[in-house]
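Observations on chain architecture
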Amino acid sequence: MSTESFGGGRRAARQREKDAADRTAADTASTEDTAPTEDTAPAGDTASARESVPTDAPGDTASTGVPAAAGESAATGNTASPGDSESAGEPASTEGRASASEPAPSGEPAPSGEPAPSGEPASPENTAATGSSAAADGPEKTQDKPADPPIAAAGKADRAEGPAPASGPAPAAGPASASGAVGSRERKRGSARRSTGRWAAGILLLACTGAVAAGAGVAGIGASAQSVEVPFAEVPAGPLTGVCPEPLRLLSGNVAGTDAEFSAESTSARSVVNAAVLAAAGTQLPAAGLAKVADGASLAELSAGTSDTPPLAGTRPGAVVRDRAVSAATLLSAEPSGALQATAGAGMTYTAADGDLTGLAAANCQAPANDLWLVGARTAVGATAVLQLTNPSQTAADVDLELYGTAGPVDGPGSRGISVGPGQTRNVVLAGLAANQESLAVRVRSSGGPVAAVISQNILRGLTPGGVELIQPTTAPQPAQVISGVRIQNPETTRKLAREDGYASVLPSLQVAVPGASDAVVNLRVFGPAGEVQLEGGGSYNVAAGTVSRLPLDSLPEGTYTLDISADAGVAAAAVFSRGSDPEKGTDVGVAAAGERLGSEHLAVLPSADSVLSFTAPDGAAEVQLTGVTASGDLLAEKTVKLGAGSVTEVRPGDLGGAVAAVLIHATGAPVFGAQSVTGGETGISALTLPRGNVGGSRVQVGVGY
């Protein structure tokens, strides 16, 4: 063969290779021209329809709850590696990879084992190991390079549409010119897809924001006007518990402290407890009894001796204990009667005809509580006030006292952290905490076990007894208070006695405590048997904050009264009055506390002395239904008493049809308030609020929160 022929053959071969390369480039250009643009991306384009936003970027579909499109991985592990690079030849991120079962779009390299589309050479940019992420394929190439922003990460995901081919020999590359053309077109296409990714990420973020806003509108997130149904839990009625105070004893020895010492009682002193319990109609008596608080030793069973045969329908059996002698704090307990708390009650009565503690004192057996107010005590010269704290529970109580005197709050040493053990009674001499107070209010607050509190008050004027009383808790401070059973003797007799040396305190008064930080304007209305009584000066008074003030009642005629108190701040109140006219024979003192409005099933146990029930409806007509309970536990016929608006109506137990040991009270109509006025001998006097009615199970709202 000639040299010319050989050279011509070589030129022909090179021409054929050039023509083949031109045809390959032309085919590739034709394919690229038919690819979708960022404005007209079809639904099947994996760059716009199946790509997910990286989960570590704002707008992440995994964090907003928007599900990933079909064929897209939404696992939180598909996060962009900080070492991701846009340079050709780096491993592709797994976030943008389509499923291995999906074919690679036209113009892109096919996975390993599949032929590349006709005329499309493999690009180094699309070469990576199948099923591996940039973080898993090897060490990060740029450890100090920060993570890509969300939109850049989205664009990077666009560049990794299809799965990378498996590790192994790369497909044969085309001519250099074709490879350069393809690389240029790939960079243009990557830029277009980055724009598409940015638009897709923005649209997705707006869609997620709209969905959250719509959800907030539906669920009422942040809307205070939306009402949420709060569930209730049914709580059954619990047992009834009442603590009867210790008998009065004369203070001796340590007269200032929390461990009082007492001398022997007078020869005639007598302390007794009376109790009663009623069953619901047609049911048997609930288990009830009296026991010592200290050791639980039984003193009396109220349900003993009752028949096991159910009573007739509509019949209410009862049991009564009368004049049970006691020498220490006593506990009344009664189990629930069906769904209601038992209708039961008890009271302690103290009487003495000789000695320094001559007089009469009566007190209801009270339910223990964690917050109690007592008003009407005195610690001036000749007056002794001892606070009894009794804990009937099985949990120790830690008691703090707040004291208010005529000049303001009193911070007495030892008034905090008084420990009262289970079954224990502690006696606190109030003169050791707040001495020389003509008017004193005490707040008792306990943590741990609830306590019963009562102030044992006695007065001695020289060698002449000035009276005894058991001061019971009054209602908590509030702007409106009502005090019933205020017994006023002849005002002329009282004024004459008050002129004697040391007898100024016999004048009746209303003691008002204002525990808040603001002064109070107190308005007082007084109702008697004949209606409202006008007070001198109009009945309006100013009381300084943090003090206890005495408002005079000595202008009232003889009789039994109800005091209606209203104020522009919360107040606690009690009325203090005396009985007796001869300074040689002495006097007695009574303290009436504010009471609650009457409803149904109030069982007033009568003390071992003469007593009168008084009722008042300050603002309108009302009725009370009274049923006497005999000493044998039988119920007498019900009697209805009509109450006129703004007047006091008195009812003697004997008017109910026989010898009565207790009275069952129901009130209807306008609000009704009542009390017992107790008298004995020439001077004995005391006052009892009517006990609260029995209660049933309660519905307690279940707290919902986080």
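Attention now moves to the overall build of the protein chain. If you tally the helices and strands in the protein chain, you get seven helices and 37 strands. Taking all 706 residues of the protein chain together, 47% fall into the buried category. Once local pairs closer than 6 in sequence are excluded, the contacts in the protein chain between residues at least 24 apart make up 78%. Of the accessible surface of the protein chain, which amounts to about 32,100 Å², a share of 53% is contributed by carbon and sulfur atoms.

With that settled, consider the packing of aromatic side chains. Counted by the stated rule, this structure contains one aromatic pair. Pairing Trp373 with Tyr404 gives two aromatic rings, centres 5.9 Å apart and planes at 20°, and the pair type is stacked. Of this pair, Trp373 sits in strand β12 (residues 371-377) while Tyr404 sits in strand β14 (residues 397-404), placing them 31 residues apart in sequence. Residue Trp373 shares its accessibility class with Tyr404, and that shared class is buried. Against the face of Tyr503 rests Arg461, its NZ or CZ located 4.5 Å from the ring centre.

Of all hydrophobic cores here, the largest spans 36 residues; its most connected members are Leu387, Leu389, Leu401, Leu430, Val442, Val444 and Ile455. Those elements that place two or more of their residues in this core are β12, β13 (383-390), β14, β16 (418-420), β18 (440-448), β19 (452-461), β27 (559-579) and β28 (588-593). In this structure Ile455 touches Leu374, Ala377, Ala385, Val386, Leu387, Leu430, Val442, Glu469, Leu470 and Ile471, once residues within four positions along its chain are discounted. Counting 31 residues, the second largest nonpolar core, distinct from the first, contains Ala300, Ala319, Leu357 and Ala361.

Quick look at the pattern of salt bridges now. Summed over the entire model, instances satisfying the criterion amount to twelve salt bridges. The residue Asp554 makes a salt bridge to Arg495 at a minimum N-O spacing of 4.0 Å. With Asp554 in the loop between β26 (548-552) and β27 and Arg495 in helix α7 (residues 491-498), the pair connects residues that are 59 residues apart, well separated along the chain. A salt bridge links Lys642 to Glu623; the shortest N-O distance between them is 2.6 Å. One end of the pair, Lys642, is in strand β32 (residues 639-643); the other, Glu623, is in strand β31 (residues 622-629), with 19 residues separating them in the sequence. Among the residues examined, Lys642 registers a relative accessible area of 61% and is labelled exposed.

In spatial order, the strands read β2-β9-β6-β7; together these four strands make up an open sheet with antiparallel pairing. In the strand order of this sheet, the two ends are held by β2 (240-244) and β7 (298-301), each with one partner. In this sheet, adjacent strand axes meet at a mean angle of 20° when their direction is disregarded. Pairing analysis gives five bridges linking strand β6 (residues 288-292) to strand β9 (residues 330-334), with the strands arranged antiparallel. Directly across from Lys292, in β9, lies its bridge partner Thr330.

All right, on to the sheet that holds β32 then. Spatial ordering of the open sheet is given by β29-β34-β31-β32, a layout of four strands whose pairing is antiparallel. The two strands at the open ends of the sheet, each matched to only one other strand, are β29 (602-605) and β32. For this sheet, the mean inter-axis angle between neighbouring strands, taken without regard to orientation, is 30°. Pairing analysis gives five bridges linking β31 to β32, with the strands arranged antiparallel. Opposite Glu623, over in β32, you have Lys642 as the bridge partner.

This brings us to unusual backbone geometry. Located in the positive-phi region is Asn436, a residue other than glycine, with phi close to 55°. Its location among the elements puts Asn436 in the loop between β17 (425-429) and β18. Judged by relative accessible area, Asn436 falls into the exposed class, the value being 58%. Positive phi is not limited to glycine here, since Glu601 has a value of about 60°. Mapped onto the elements, Glu601 comes out in the loop between β28 and β29.

Before going further, it helps to spend a moment on the state of the cysteines. Each disulfide is one covalent bond, formed between the sulfur atoms of two cysteines. Inspection of the entire model under this criterion finds one disulfide. Linked covalently through their sulfurs, Cys244 and Cys365 form a disulfide whose S-S length is 1.8 Å. Between Cys244 and Cys365, the S-S dihedral sits near 100°, and the bridge is therefore right-handed. Placement of Cys244 in strand β2 and of Cys365 in the loop between β11 (359-364) and β12 is noted, with a sequence separation of 121 residues between them. Considered together, Cys244 and Cys365 belong to a single accessibility category, that of buried residues.

Time to look at the pairing of β9. Most of β9 sits inside the fold, with four of its five residues counted as buried. As paired strands, β2 and β9 are joined by five bridges and run antiparallel to one another. Directly across from Val243, in β9, lies its bridge partner Leu331.

A few words on the side chain of Thr464. Note on placement: Thr464 falls in strand β20 (residues 464-471). Here Thr464 falls in the buried class, since its relative accessible area comes to 17%. Every residue in contact with Thr464, bar those within four places of it in the chain, is listed here: Tyr503, Pro583, Glu584, Lys585 and Gly586.

The rules behind these values
- Residues numbered from 1 in each chain as written.
- Predicted model: local features only at pLDDT ≥ 70, side-chain atom pairs only at ≥ 80, totals over all residues.
- Heavy atoms only, no water.
- Helix = DSSP H or I, 4+ residues; strand = E, 2+ residues; numbered from the N terminus.
- Buried < 20%, exposed > 50% of the residue type's maximum accessible area, 1.4 Å probe, protein only.
- Contact = heavy atoms within 4.5 Å.
- Areas by Shrake-Rupley, 256 points an atom, 1.4 Å probe, with all protein chains shown as cover.
- Phe/Tyr/Trp six-rings, centres within 6.5 Å; stacked < 30°, edge-to-face > 60°.
- Lys NZ or Arg CZ within 6 Å of the ring centre and 35° of its normal.
- Core = buried A, V, L, I, M, F, W, Y, C linked by side-chain atoms within 4.5 Å.
- Salt bridge = Lys/Arg side-chain N within 4 Å of Asp/Glu carboxyl O.
- Pairing = 2+ DSSP bridges.
- Axes fitted to C-alpha atoms, helices over the stretch in contact; angles between N-to-C directions.
- Disulfide = S-S within 2.5 Å.

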